[in-house]
Structures are given as structure tokens and as C-alpha cells.
Amino acid sequence: MSETRIHASRVITPDGERAATVVVRDGMIVSVDDPGAGDVTISDDQVLMPGLVDSHVHVNEPGRTEWEGFATATAAAWAGGVTTIVDMPLNSIPATVDLSALRTKQASTRGKLAVDVAFWGGAVPGNAGELRALHDAGVVGFKCFLLDSGVPEFPPLDRAGLAEAMEVIAGFGGLLIAHAEDPEVIASAPAAHGRRYDDFVASRPPGAETTAIETLLEQTRRTGCRTHVVHLSGAASIPLVRAAKDEGLPITAETCPHYLTLRAEDVPDGATQFKCCPPIRDDVNRELLWAGLLDGTIDCVVSDHSPCTVDAKRLDTGDFGDAWGGIASVQLGLPAVWTEADERGIPLTRLAEWMCAAPARLTGLGDRGVIAPGHRADFAVFAPDEKFVVDPAKLRHRNPISPYADRTLHGVVTQTWLAGRPVDAEDRAGQMVEVPR
Ligand SMILES: [Zn+2]
């Protein structure tokens with residue numbers, strides 16, 4: 001039996017930040033308020049916080065490993081204090097839409113994981129009969145698209161397909177998550193092409209999000225299926241989510257660091273490293289997202305780490321119509337959000353709820369994301385007052401593209417602990433995680 005006592009003057013607990021000695025035994029936290037001294041002391045300028053749980057990461061392996069693989073994605077997560085990622089079912093080939101594809105993906109992780117990895121399954125046309133087996137195999141839930149996903153092997157559900165999937169998933173108490181943009185609203189907006197960022201934003205109007213969320217909510221109300229809106233970007237959707245929660249529907253929502261920290265006004269034309277779908281919108285919208293987060297309408301902040309190759313980003317032409325939509329930021333989520341939160345006087349305890357505890361609860365990994373007895377001893381040690389300038393070449397994800405390039409961010413992750421010990425990325429100490437059923 002191995003026991004470690006970690007003392008820190010700043011420990012982020014569910015009840016607030018305080019000095020504590022955290023006792024860890026066999027990878028689990030057994031006590032937070034031990035009166036004794038520590039075997040390990042965290043210096044006063046650093047905070048012991050729960051390891052982040054990033055429930056929205058596109059790894060792409062196998063099949064598009066040149067875009068991102070498990071070795072690079074989990075090393076980036078490690079460097080960002082993220083101790084658990086949940087891999088999205090699309091962009092890998094095969095997509096995770098049946099049990100054999102899940103096993104293929106899991107086999108491809110061997111020896112590569114710097115942090116723990118759990119998996120989403122996918123709900124696509126024709127696979128309703130596969131969902132139960134994926135659930136029983138421990139996927140955390142099911143992702144679907146309501147419009148073109150950008151990759152041919154992961155087609156969207158139409159209304160009938162969505163209704164069927166949600167009935168099936170509700171039948172075993174599962175979770176459906178959706179890319180909520182409505183295809184008809186997008187089709188009637190001007191098409192995205194060219195270098196002007198304003199034209200790209202106009203091609204993905206916020207009404208596409210509200211319409212898609214209304215479609216989802218109809219089925220949530222009808223089936224009782226637990227439903228989660230990924231990467232909410234348009235603040236116009238916040239009142240819909242609020243009303244659905246007030247009605248008692250089992251709905252949650254996430255937003256992402258880039259929507260909270262970047263502004264359309266600052267995106268240069270041709271700067272496709274800022275392209276993601278739905279898009280980064282204007283500053284008024286961004287303020288409303290912060291308000292929605294602070295009042296509890298939006299539950300989680302997760303990265304939507306969606307990398308691609310330099311070629312696929314079309315940095316040469318800067319054409320927003322052709323470029324892949326996605327921002328790779330699993331390594332930068334904590335400092336990016338903290339940079340803004342710090343200036344707004346929002347404490348780290350709130351960030352720990354949004355980036356650790358809430359995504360852990362969402363995905364059924366409730367023994368993670370909290371520093372409390374009975375939880376896993378996965379930690380990030382974070383120096384909140386240090387600053388650094390983002391150099392994409394030094395980020396650990398595969399392709400050195402980042403909209404945060406040259407920005408000064410607050411907060412440096414100095415250690416990442418997995419199951420009770422500080423680890424190096426090269427230890428490859430991460431494990432595959434299956435939700436017990
Ligand atoms: Zn995504």
C-alpha cells in the first residue's frame with residue numbers, strides 16, 4: 001500500500017480554496033484535512049487543483065493520425081494539466097459507431113497514453129442497433145450531428161434518425177450529445193468562401209444553433225433522453241437552455257475556451273487558424289456566454305480540441321470556405337480561460353467546477369475532477385501568477401497551429417499527477433477508461 005501526503009497552502013476543494021494536507025493511498029484521495037505535515041509540499045505560489053477532465057477531444061487515430069494521434073494528443077493534455085480526455089467518435093477511421101470500431105480504436109492506444117482516455121460512441125444513420133453494445137462496453141455516451149460533420153464516415157441524423165437514437169439511448173439511461181447547428185438554416189445563409197472572417201461568421205448564423213437546439217429539446221421532452229449541447233457558441237441559445245432546465249428537462253451545455261477568450265473583431269481576414277464551427281462570434285456575444293456560465297446555464301468548459309494538418313487549414317490561401325474548421329487547444333484551455341477569469345475576478349474554484357467536476361459528472365466519471373475523499377488522485381499543479389507567450393511550435397499536439405499564437409496567457413501548469421503520483425508525458429502512465437455498467 002503506497003501512501004503520499006501532499007501539503008499545499010492553496011488546495012481547490014468543492015467547498016473553496018484552502019490550505020490542506022491531502023492524503024493519497026493507492027491512487028485515491030483518502031483524506032483532505034489531515035492535520036499532519038506533507039511528504040510533498042507544493043510551494044505557496046502554486047495551487048493544487050483537480051486534474052482537468054476534457055470531455056471534448058478529437059484524437060483522429062486510427063485513420064487520420066497525421067492530423068492527431070493518441071501519443072501527441074495525450075502529451076498535449078498532460079502539459080495542460082488535463083488528466084482525462086474523452087475522445088470523440090469521429091475523424092478516426094473507422095468512426096466509433098459499433099463495437100468492433102471501438103475495439104480497433106482502443107487497440108491503437110497501446111503504449112501511447114500520457115493521460116487517461118475514455119471514449120464517446122457515435123449515433124449515425126442505421127446504427128441504432130449498435131448503441132446498446134457500445135454503452136455496455138463503457139463508452140460515456142453518444143455524439144451525433146444534425147448537419148454535415150465534415151467527414152463522410154460520420155453522416156448526420158435526420159429528424160427521424162434523431163428520434164430513434166434518442167429513444168434507444170433513453171431506454172438504457174444513456175447520454176446523447178449533439179453538434180447543434182440546423183442544416184436548413186445553414187443552407188439558407190450565404191455560403192462561406194474567401195478570406196473575409198465576417199463572411200464566414202455570416203455563413204453560420206446563431207439562428208442555426210437555436211433552431212437545432214429546439215429540435216433537440218422536442219426529442220428530449222418526448223423521450224426523456226439525457227441531452228447535452230456541445231460547443232455552444234451563440235448566446236441567443238442561452239435562454240432556450242435556461243428555459244429547458246427550468247422546465248426540468250435533462251439538458252446540459254458546454255462552451256469552449258475560444259468562445260470565451262477570442263473575439264470576431266480581432267480575427268484577421270485569412271486567419272483560418274481561428275476557424276471553427278460554430279464560429280467565434282463578437283464581443284457582445286462573448287460577454288453573454290460568460291454570464292451564462294456564471295449563472296449556471298452553461299455547465300462545462302471543454303476544449304473541442306479539433307486538430308488538422310497545416311495543409312487542411314489552408315493557411316496558404318486563407319480561404320475560410322476550404323479550411324478545416326477546428327481549434328486544437330487541449331493544452332491551453334486552463335491558462336486561456338484563467339487569463340480571462342483572473343481579469344474578471346472569477347476564482348479558480350469556479351474554473352475547477354466548469355473544467356474538472358462538471359465534465360466528469362457529465363460523462364459518468366464522477367470519481368474524477370474533485371479533490372475530496374473517495375476520488376482519484378489526479379491533480380494539476382498550477383502557478384496562476386506566472387505568464388507565458390504561446391509558441392505553437394512548442395505545443396505538444398501534432399500540428400503547430402494555434403489561434404493563441406503570440407498571446408500572453410496567465411498560469412503555468414507545473415506538474416500533472418495521475419493516480420497519486422507526478423508523471424512525465426513519456427511515462428505513458430495513462431489508462432483506457434470504460435464507464436462501469
Ligand atoms: Zn468537436
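Above this text you will find the structure in question.
It should be emphasised that the depicted structure is a prediction, and the values quoted were computed from it without experimental measurement. (Residues numbered from 1 in each chain as written. Predicted model: local features only at pLDDT ≥ 70, side-chain atom pairs only at ≥ 80, totals over all residues. Heavy atoms only, no water.)

S.K.: Quick question: what am I supposed to make of the pattern of salt bridges here?
M.R.: A side chain of one charge can pair with a side chain of the opposite charge if their charged atoms are brought near each other. Under the defined criterion, the tally for this structure stands at 31 salt bridges. R64 is the partner of E153 in a salt bridge, and the nearest nitrogen-oxygen pair spans 2.6 Å. Separated by 89 residues along the polypeptide, E153 in the loop between β10 (142-145) and α4 (159-171) and R64 in the loop between β6 (52-57) and α1 (70-79) bring together distant segments of the chain. Classification of E153 by relative accessible area gives partly exposed; the value is 25%. Its relative accessible area of 12% is what places R64 among the buried residues. (Salt bridge = Lys/Arg side-chain N within 4 Å of Asp/Glu carboxyl O. Helix = DSSP H or I, 4+ residues; strand = E, 2+ residues; numbered from the N terminus. Buried < 20%, exposed > 50% of the residue type's maximum accessible area, 1.4 Å probe, protein only.)

S.K.: I'm lost on helix α10 (residues 283-294) in this one. Help?
M.R.: Residues that lie three or four places apart on an α-helix share one face, since the helix turns once every 3.6 residues. For α10, which comprises 12 residues, the first-to-last C-alpha distance of 17 Å matches the rise-based estimate of 16 Å (1.5 Å per residue) to within 8%. Within the span of α10, buried status applies to D283, N285, R286, L289, W290, G292 and L293. Buried residues belonging to α10 abut α8 (238-247), β13 (251-255), α9 (257-261), β14 (300-301), α11 (333-344) and α12 (348-362). Its side-chain oxygen 3.3 Å from the backbone nitrogen of V284, D282 forms the N-cap of α10. Looking one or two residues beyond α10, the residue adopting positive phi is G296, at roughly 90°. (Expected span 1.5 Å × (residues − 1). Contact = heavy atoms within 4.5 Å. Polar contact = N/O pair within 3.5 Å; in protein donor to acceptor, adjacent residues only side chain to side chain.)

S.K.: Looking at this structure, how should I read the coordination of the zinc ion?
M.R.: Octahedral metals with six donors have ideal donor angles of 90 or 180 degrees. Tetrahedral metals with four donors have an ideal donor angle of 109.5 degrees. Within the protein, H56 (NE2), H58 (NE2) and D304 (OD) serve as the donor atoms for the zinc ion, at 2.1 to 2.2 Å. In primary-sequence terms, the residues that donate to the zinc ion follow H-x1-H-x245-D. You can see H58 sitting in the loop between β6 and α1 and its partner D304 sitting in the loop between β14 and α11, a full 246 residues away along the chain. On the accessibility criterion, D304 (8% relative accessible area) is buried. (Donors = N, O, S within 2.8 Å, 3.2 Å for Na, K, Ca; no water.)

S.K.: Even after reading the chapter, I still don't get the side chain of T220, so can you show me in this structure?
M.R.: When you line up the elements, T220 lands in helix α7 (residues 206-223). Given the relative accessible area of 0%, T220 is considered buried. Reaching out from T220, the side chain makes a polar contact with the side chain of T227 at a distance of 2.9 Å. Leaving out residues up to four positions away in the same chain, T220 has contacts with M166, C225, T227, L249 and P250.

S.K.: What am I meant to see in the environment of E209 here?
M.R.: With respect to the helices, strands and loops of the structure, E209 is situated in helix α7. Given the relative accessible area of 2%, E209 is considered buried. Taking the C-alpha atoms as reference, E209 lies 9.5 Å from I186; in sequence the two are 23 residues apart. With residues up to four places along the chain from it excluded, the contact list for E209 reads A180, E181, H231, L232, S233, G234, S237, P278 and R281.

S.K.: Sorry, what's going on with the nonpolar core here?
M.R.: A general feature of soluble globular proteins is that nonpolar side chains tend to end up buried together. Of all hydrophobic cores here, the largest spans 98 residues; its most connected members are M49, I85, L232 and L351. Among the elements that line this core, the one with the most residues is α1, at seven residues. Beyond its immediate chain neighbours, meaning those up to four positions away, L232 contacts E209, I213, S237, I238, V241, A253, E254, T255, Y259, L289 and I298. Core analysis: the next-biggest nonpolar cluster, separate from the first, contains 26 residues, L90, W120, A312 and V433 among them. (Core = buried A, V, L, I, M, F, W, Y, C linked by side-chain atoms within 4.5 Å.)

S.K.: Explain α12 to me, please; I cannot follow it from the model alone.
M.R.: In this model, α12 (15 residues) spans 20 Å end to end at C-alpha, consistent with the 21 Å of a helix rising 1.5 Å per residue. Most pronounced at W354, the bend in α12 amounts to some 30°. Counting buried positions along α12 yields 11 of 15 residues, so the element is predominantly enclosed. L348, L351, A352, W354, M355, C356, A357, A358, P359, A360 and L362 are the residues of α12 that are buried. Backbone geometry just downstream of α12 places G364 in the positive-phi region, at approximately 75°. (Bend = angle between axes of the 7 residues up to and from the residue.)

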